[in-house]
Amino acid sequence: MKKKDKEEKIIREHIHLLVEPIIDSFNVDKEFVLKISDIIEKDHLQMILDNYKIKSLNDNPLLAYNITLSICLNMVFDSDRLDRIEYSDEYINNFVGRVVAQTIYSDLDYNLLHTSPILNHPIVKSILALSSLIKYRSAFDSLVVRKTLNKDLNPIFILLKEAMESLEGTYLLIANKSFSQAMTVFRLYLEQIINVIALIKNPKLIDKYIEFQHLATKYALDTQDKDIEKLIEENKIPPRDIKSYLNYGWIENMKGFDELPKRRYSIKIMAKLCDMEAIYELYSDSTNYVHMNFLLANIDWISVINKMLETSFATIIGIITNYKMFTGFDFVYKGVDLVNETKTILNEFIHVTSYKGDSYDVLRLKNA
């Protein structure tokens, strides 16, 4: 046997050793897993290899691992959402298509570097793919918008990129079973989303937003800055409200601010003025985890994270709607319509939790 053939044989055996335990760890039909694997290898493997710029699975054994993991996780999700699975040709074709699509867009988030069943679950994978796509397009699309609207909206894209980083960090912490810490980062994500949507709804206030950001930075470096002291005095801002004013003073230019009973500068008021009170309530609820109010409580983490998943879907779909309006980008990635993909998965997720209850462990957090 030639040296190259021996090396490939060793790698194939290594792949087998990687893949076999995955199938055994899930309560799924092993024959069906192998059948789907065979179809993908026969009909779709070359496209997958071309996508990852490799010649064979031997060049990246972890790719074979992730394909098998994706098959098993889709089977588990199907067992949750379908009362009975009919292994018809239509079902098999749909199943293969899902796994291939997920394998293709996994390269957005470098999911092939993850072996976590949580991060590779189709629910989380679709969220992370969209998040990554927004994050990596933000710099380019900022220039597109600037040319189209003849206005620099870069602060929106900077905030959006930071929000996507927070969203991704949230699910990395969940995968690590660091649930309280995940809620802390998720609260930051919601705060960033509220700011982003407020700016999207009030693009003429970008300059004011930047002005107050600079003021907040100056105050953080020097609390006795003369310019800020003068501004605080002129606007009669009490000492306890200085930081709030510097963070949110720009919202006094929003429609409806002057009609408020009191001139208050806060994220709560900003959310109210921009019809985001529902998101603010979620943000407010998550504060309990940040301040460890629930440290000694017996929290139903499954229910909390299911709510977080639904909120992630709702907010990111809202962001996409506005993103498409500003940039014209359709979120089709390598032939996969990620918007339709995500909406379909969201509907199936809601179906499962509605039918089986908010505390149903869709991500299998207890076993992951």
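This one's a predicted model, so the numbers in the text were calculated from it and none came from an experiment.

Draft legend 1. Region of the structure containing the overall build of the protein chain. The helix and strand inventory of the protein chain stands at 15 helices and two strands. Each principal axis of the C-alpha distribution contributes one length, and for the protein chain these read about 85 × 50 × 35 Å. The buried share of the protein chain, taken over its 368 residues, is 49%. A separation threshold of at least 6 residues defines the contact pool for the protein chain, and within that pool the share at least 24 residues apart is 72%. Just so you have it, the protein chain exposes about 19,500 Å², and 52% of that area is on carbon and sulfur atoms. Of the charged side chains in the protein chain, 45 are positive and 51 negative, and the gap between their average positions amounts to 3 Å.

Draft legend 2. Local environment of helix 6 (residues 122–149). Most pronounced at Ser-138, the bend in helix 6 amounts to some 55°. Of the residues trailing helix 6, Asn-150 is marked for its positive phi of about 55°.

Draft legend 3. Inspection of the packing of helix 14 (residues 301–327) against helix 15 (residues 338–356) at higher detail. As a packed pair, helix 14 and helix 15 sit with axes 11 Å apart at the nearest point and diverge in direction by 150°. Put simply, helix 14 runs roughly antiparallel to helix 15. In the packing of helix 14 onto helix 15, the handedness of the crossing is left-handed. Contacts between helix 14 and helix 15 involve Asn-306, Leu-309, Glu-310, Phe-313, Ile-317 and Ile-320 from the first element and Val-339, Thr-342, Lys-343, Ile-345, Leu-346, Phe-349, Ile-350 and Thr-353 from the second. Of the residues that constitute the contact of helix 14 with helix 15, the class distribution is nine nonpolar, three polar and two charged.

Draft legend 4. Focus on the packing of helix 2 (residues 30–43) against helix 4 (residues 61–81). Between helix 2 and helix 4, the least distance of the axes is 10 Å, while the angle of their chain directions is 130°. One element, helix 2, and the other, helix 4, form an angle in the oblique class. The handedness of the crossing between helix 2 and helix 4 is right-handed. Each of Phe-32, Val-33, Ile-36, Ser-37 and Ile-40 in helix 2 lies in contact with helix 4, whose residues at this interface are Ile-67, Thr-68, Ile-71, Cys-72 and Met-75. For the contact of helix 2 with helix 4, the per-class residue count stands at eight nonpolar, two polar and no charged.

Draft legend 5. How the structure looks around the side chain of His-121. Mapped onto the fold, His-121 is located in the loop between helix 5 (89–105) and helix 6. When near neighbours in sequence (up to four residues on either side) are disregarded, His-121 contacts Leu-73, Phe-77, Val-362 and Leu-363.

Draft legend 6. Structural detail: the environment of Glu-348. With respect to the element layout, Glu-348 can be found in helix 15. When its relative accessible area of 23% is taken as the criterion, Glu-348 is described as partly exposed. Placed 32 residues apart in sequence, Glu-348 and Ile-316 show a C-alpha to C-alpha distance of 17 Å. Among all residues touching Glu-348, those that are not within four sequence positions of it are Phe-77 and Arg-81. Polar side-chain contacts of Glu-348 include one of 3.4 Å to the side chain of Arg-81.

Draft legend 7. Region of interest: the environment of Leu-215. Mapped onto the elements of the fold, Leu-215 is located in helix 9 (residues 206–221). Given the relative accessible area of 12%, Leu-215 is considered buried. In this structure, the C-alpha to C-alpha distance between Leu-215 and Asn-247, residues 32 residues apart in sequence, is 8.4 Å. Not counting residues within four places of it along the chain, the set of residues in contact with Leu-215 comprises Ile-228, Leu-231 and Leu-246.

The rules behind each value
Residues numbered from 1 in each chain as written. Predicted model: local features only at pLDDT ≥ 70, side-chain atom pairs only at ≥ 80, totals over all residues. Heavy atoms only, no water. Helix = DSSP H or I, 4+ residues; strand = E, 2+ residues; numbered from the N terminus. Buried < 20%, exposed > 50% of the residue type's maximum accessible area, 1.4 Å probe, protein only. Contact = heavy atoms within 4.5 Å. Areas by Shrake-Rupley, 256 points an atom, 1.4 Å probe, with all protein chains shown as cover. Lys, Arg positive; Asp, Glu negative; His and termini not counted. Charge placed at Lys NZ, Arg CZ, Asp CG, Glu CD. Bend = angle between axes of the 7 residues up to and from the residue. Axes fitted to C-alpha atoms, helices over the stretch in contact; angles between N-to-C directions. Parallel < 35°, antiparallel > 145°, perpendicular 65-115°, else oblique. Left-handed = near helix turned anticlockwise from the far one by under 90°. Nonpolar A, V, L, I, M, F, W, Y, C, P; charged D, E, K, R; others polar. Polar contact = N/O pair within 3.5 Å; in protein donor to acceptor, adjacent residues only side chain to side chain.

Keep in mind these numbers describe shape, not what the thing actually does.
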